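Close look at the chain arrangement
The primary structure of each chain is shown beneath.
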There are 2 protein chains.
Amino acid sequence: MSGVVLPLESKKAAQNGIDPLIELVADDMKKVNSLILSKTGSEVEMIPEVAKHLIDSGGKRLRPMITLASAQMCGYQGDAHVTLAASVEFMHTATLLHDDVVDESDMRRGKLAARMLWGNEASVLVGDFLLGQAFRMMVEVGSLPALDVLSHAATVIAEGEVLQLSTAKNLETTEDEYLEVIRSKTAALFAAAAEVGPIIAGENASRISGLRSYGNNLGLAFQLIDDALDYGGNKGDLGKNIGDDFREGKVTLPVILAYRRGNEEERRFWQDAIVEGKTGDEALQKAIELLAAHGAISDTVSRARHYAEMAKDALGTMPESEHRSALVDVLEFCVSRAV
Amino acid sequence: MSGVVLPLESKKAAQNGIDPLIELVADDMKKVNSLILSKTGSEVEMIPEVAKHLIDSGGKRLRPMITLASAQMCGYQGDAHVTLAASVEFMHTATLLHDDVVDESDMRRGKLAARMLWGNEASVLVGDFLLGQAFRMMVEVGSLPALDVLSHAATVIAEGEVLQLSTAKNLETTEDEYLEVIRSKTAALFAAAAEVGPIIAGENASRISGLRSYGNNLGLAFQLIDDALDYGGNKGDLGKNIGDDFREGKVTLPVILAYRRGNEEERRFWQDAIVEGKTGDEALQKAIELLAAHGAISDTVSRARHYAEMAKDALGTMPESEHRSALVDVLEFCVSRAV
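The paragraphs below set out a description of the structure included in this document. (Residues numbered from 1 in each chain as written. Chains lettered and ligands numbered in written order. Predicted model: local features only at pLDDT ≥ 70, side-chain atom pairs only at ≥ 80, totals over all residues. Heavy atoms only, no water.)

With respect to the overall build of chain A
If you tally the helices and strands in chain A, you get 15 helices and two strands. At 20 Å, chain A has a C-alpha radius of gyration in line with the 20 Å of a compact globule built from 339 residues. The principal-axis extent of the C-alpha atoms belonging to chain A is close to 60 × 50 × 50 Å. Looking at chain A as a whole, 56% of its 339 residues qualify as buried. Pairs at least 24 residues apart make up 77% of the contacts formed inside chain A by residues separated by at least 6 positions. Taken as a whole, chain A presents about 14400 Å² of accessible surface, with 52% of it coming from carbon and sulfur. Of the charged side chains in chain A, 34 are positive and 51 negative; the average position of the first set lies 3 Å away from that of the second. (Helix = DSSP H or I, 4+ residues; strand = E, 2+ residues; numbered from the N terminus. Rg over C-alpha atoms; globule rule 2.2 N^0.38 Å. Buried < 20%, exposed > 50% of the residue type's maximum accessible area, 1.4 Å probe, protein only. Contact = heavy atoms within 4.5 Å. Areas by Shrake-Rupley, 256 points an atom, 1.4 Å probe, with all protein chains shown as cover. Lys, Arg positive; Asp, Glu negative; His and termini not counted. Charge placed at Lys NZ, Arg CZ, Asp CG, Glu CD.)

Pasting the structure below:
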């Protein structure tokens, strides 16, 4: 059957969340991928190795796709969006490398984390290299407003990571404080990724702020859903990679809600787990039960849906188009991952 | 029947939104009211007149009640909470006086605005006087951390008002940008009002940030519901004082949503109304129809409910008490005003 196009099937696929976006940016995304490959080249042998390890490990590349789609949607003609998209992905990859060092993570996307293979020092430094390359690519594009947005995002992300240190293992973190962390740590890059498209397309201020707002709220929803999925989501789907946040003592929204809604005994359990590190399989099982008992996962998903609604309305002033629909579909895709 | 306590009635009353809060702080509130009266005294005759006009005009005094309740809840013994509550109400009153000048409002709470009776100059200056008195009262209390919180709120509120100038009559304002305005303009004072209670009671950082977060999110919910009520709320209740925001060209969340969800023709209507000032009764009627057609009021209420949920969870680490229940009831009271 390969090579035969079935219209019905393809229509069904097109209704399936992220697929319309993938289709719309497929050609540009090939260019982004080869650019990424070429820019990880270095005479220092370890750099392409480490970078390749992470880049090959199969993320969805949602952020660069957002940049491509927002530029296309605004009628941008040229190649700068490809360069900026690669730059956005490099910024993201750099933070993953650094995060794993800070969090002392062993695994990343089901594979050994780079730091387990090449060590912490290499992970930190290759992250710096990628960040440097990201800046060089932005500079190549030569748009000062786009440079401003992306370089600002880089500092905000770093601030968010530092802020996160203060919430680590701190069960008294409020939802507001947690939102502040993920607004910097995750949403800032999504916002910048969506904003540079209309900027290089020369769009007006209203569309720039609309797409920025879309990215920001998509980022918040995305992170909250990730948090819910780390405990199996609403389905309680206990596949692999469940409980990473728990074992690392991360205080994410599901934990914040369950902790605040729990009784004294339950709070002692969370203290033992998150602060004292008693996070074995039995503890994880109990954590998942407590999250369910307090509706902490389903309410995390509801909170995410609120931001997804905001993101959808933010796109309201863009003319109707395939791209706009695709970006709206991504919101539903993002939230429904956890339902 | 007066003087006879009916347990059932009183229980019913206790379930009625804001009543439990009113009951709990009734004694302290009397002290706040006499303090307010005494602190508006001045040899400059116009000051007590203008202040009395506004103070008598019957607001709910929700902000000082929050300060009183949060201090009581934390077991505070003393009178500083009364002084701080009065100070919070003075800050609020000062911003109302200044707002009416900036917005060129004719009416305030169904009465002529102070500026219509004594002029803009007097409104600005009496506002400054009240702000000065608010600071003097905070200083009297002598708690530097409380002073820090309240004086910080004063600058944030002013920043929010300035920021609002940039969104005035700007239909391209995103929901994010609008939230930023009301976070400063409204929520900052609610947050400070709730935070100073635990501060003077010597509570730990967790309870201080929990109550701060409660106040912040209550403030957001409160303002969004006010915005919905200005168009009659979900009931479409067209009593008096409907349409003030509309006539003043204010871009509030209901308008933001309807504008973004509308077609070209509808957007032209909003431009004519908000930007060009065509805001007669017929236009108001059409605005209300468009808001309903796009679910803009009901979604504003849903958005408010999201913040009310956050506020409720923020109180989770406070021990169960009458005060905690009363503060939770206020959230429901606040949101259900518009349903």
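Thoughts on the interface of chain A and chain B
Facing the 28 residues of chain A at the interface are 28 residues of chain B. Where chain A meets chain B, there are four salt bridges. In this structure, the connection of chain A to chain B is made through 20 residue pairs in polar contact (both at pLDDT 80 or more). Sorting the residues of the side of chain A that touches chain B by element identifies α8 (175-200), α9 (205-229), α11 (253-261) and α14 (296-314) of chain A as the ones contributing at least two each. Considering every element that reaches the side of chain A that touches chain B, the biggest residue donor is α14(A), with seven residues. Of the residues in the side of chain A that touches chain B, the class split is seven nonpolar, 10 polar and 11 charged. (Salt bridge = Lys/Arg side-chain N within 4 Å of Asp/Glu carboxyl O. Polar contact = N/O pair within 3.5 Å; in protein donor to acceptor, adjacent residues only side chain to side chain. Nonpolar A, V, L, I, M, F, W, Y, C, P; charged D, E, K, R; others polar.)

Re the environment of B:Tyr231
Residues and elements named next belong to chain B. Relative to the elements of secondary structure, Tyr231 occurs in the loop between α9 (205-229) and α10 (244-247). Sequence-wise, Tyr231 and Leu290 are 59 residues apart; in three dimensions their C-alpha atoms are separated by 11 Å. Setting aside residues no more than four positions away along its own chain, Tyr231 makes contact with Ile242, Asp245, Phe246, Thr252, Pro254, Val255, Leu284, Ile288, Leu291 and Ile297.

Some points on the relation of the copies chain A and chain B
With an RMSD of 0.0 Å, the operation that places chain A on chain B is a rotation of 180 degrees combined with a shift of 0.0 Å along the axis. The relationship between the two copies is best expressed as a two-fold rotation axis. The rotation axis passes nearest to the C-alpha of A:His306 in chain A, at a distance of 3.7 Å. Looking at chain A, 100% of its interface residues are interface residues in chain B too, so the copies touch through the same face. (Least-squares fit on C-alpha atoms with pLDDT ≥ 70 in both.)

A few points about the packing of aromatic side chains
For the structure on display, the rule yields eight aromatic pairs over all chains. With a centroid separation of 6.2 Å and 75 degrees between ring planes, the pair formed by B:Tyr231 and B:Phe246 is classed as edge-to-face. Here B:Phe246 lies in helix α10 and B:Tyr231 lies in the loop between α9 and α10, a separation of 15 residues in the sequence. The pair formed by B:Tyr231 and B:Phe246 is uniform in burial state, with each residue classed as buried. Positioned over the ring face of A:Tyr259 is A:Arg267, at 5.4 Å from the centre of the ring. (Phe/Tyr/Trp six-rings, centres within 6.5 Å; stacked < 30°, edge-to-face > 60°. Lys NZ or Arg CZ within 6 Å of the ring centre and 35° of its normal.)

A few points about the packing of helix α3 (residues 46-55) of chain B against helix α6 (residues 114-141) of chain B
Residue and element names in this part refer to chain B. Packing of α3 against α6 brings their axes to within 9 Å, and their N-to-C directions diverge by 100 degrees. By the angle class used here, α3 and α6 are roughly perpendicular. Two secondary-structure elements touch here, α3 through Met46, Ile47, Glu49, Val50, Ala51 and His53 and α6 through Ala114, Leu117, Trp118, Ala122, Val126, Phe129 and Leu130. Within the contact of α3 with α6, the residues separate by chemical class into 11 nonpolar, one polar and one charged. (Axes fitted to C-alpha atoms, helices over the stretch in contact; angles between N-to-C directions. Parallel < 35°, antiparallel > 145°, perpendicular 65-115°, else oblique.)

Description of the environment of B:Gly280
Residues and elements named next belong to chain B. In this structure, Gly280 sits in the loop between α12 (264-275) and α13 (281-293). Judged by its relative accessible area of 40%, Gly280 is partly exposed. Along the sequence, Gly280 and Met46 sit 234 residues apart, while their C-alpha atoms lie 35 Å from each other.

No statement about biological role is implied by the geometric values presented.
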